[in-house]
Amino acid sequence: MSLVGKLSAEILIVAPHHEHHGVWSGRPHHIANVSPGKIKKAHLHEGDWGSVGSVIEWHYVLDGKDHVAKEVVESIDEENKAVTFKVIEGDLLKEYKSIKFSVQSIPKGEATWIRWTTEYEKLNKDIPHPFKIFEFAVHLSEELDDHLVQA
């Protein structure tokens, strides 16, 4: 059984691709306003919002329990409307040697495809694949879509 894996999913939303990307690339702390039941707070630990190399600390609730993750913004690709966050500290690193999340907003006519990808390496073979946190991230985009459409 491999310790290295990759999860990927695509969902269709109705908000414009540039608006969805704009939140993840430059204003990720707004997710706490969009989904307060899941994200308790997101604050800038180092750098500037919207800058590669910035460090964001997330306080979130998963399965009814409080968690923390510190992520570095590894890349922001404005041309392809993609952002990659690499976890550098926190609860996820108790089970994964490394884990990163990428989100891309792809225009599709009047709608937008959102592609989430998680790449990870488990600490050992007994650790489950990160399906729960991956699903959590995908649901954040669905909630963000609802918020952007209502705005």
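Conventions and cut-offs
Residues numbered from 1 in each chain as written. Predicted model: local features only at pLDDT ≥ 70, side-chain atom pairs only at ≥ 80, totals over all residues. Heavy atoms only, no water. Phe/Tyr/Trp six-rings, centres within 6.5 Å; stacked < 30°, edge-to-face > 60°. Helix = DSSP H or I, 4+ residues; strand = E, 2+ residues; numbered from the N terminus. Buried < 20%, exposed > 50% of the residue type's maximum accessible area, 1.4 Å probe, protein only. Pairing = 2+ DSSP bridges. Axes fitted to C-alpha atoms, helices over the stretch in contact; angles between N-to-C directions. Contact = heavy atoms within 4.5 Å.

Notes on the packing of aromatic side chains
Here comes step 1: Applying the stated criterion to the full structure yields five aromatic pairs.
Here comes step 2: Relative to tryptophan 116, the ring of tryptophan 24 lies with its centre 5.3 Å away and its plane at 90 degrees, an arrangement referred to as edge-to-face. In this pair, tryptophan 24 is assigned in helix α1 (residues 17-26) and tryptophan 116 in strand β7 (residues 111-122), connecting sequence segments 92 residues apart.
Here comes step 3: We classify tryptophan 116 as buried; its relative accessible area is 3%.

Some thoughts on the environment of alanine 69
Here comes step 1: Checked against the element boundaries, alanine 69 lands in strand β4 (residues 65-77).
Here comes step 2: With 17 residues separating them in the primary sequence, alanine 69 and lysine 86 have C-alpha atoms 9.8 Å apart.

Considerations on the sheet that holds β4
In any sheet, the strands associate via hydrogen bonds between backbone groups, in a parallel or an antiparallel arrangement.
Here comes step 1: Taking strand neighbours across the sheet as the criterion, the seven strands line up as β1-β7-β6-β5-β4-β3-β2 in an open arrangement whose pairing is antiparallel. With one partner strand each, in any of the chains shown, β1 (4-13) and β2 (39-46) form the two edges of the open sheet. Each neighbouring strand pair of the sheet contributes to a mean axis angle of 25 degrees, computed without reference to strand direction.
Here comes step 2: Each of β1, β3 (55-62), β4, β5 (82-90), β6 (96-108) and β7 touches α1; the most contacted strand, β6, lies at about 155 degrees to it.
Here comes step 3: The strands that helix α3 (residues 131-150) touches are β1, β2, β3, β6 and β7; relative to β1, the one it contacts most, it runs at about 20 degrees.

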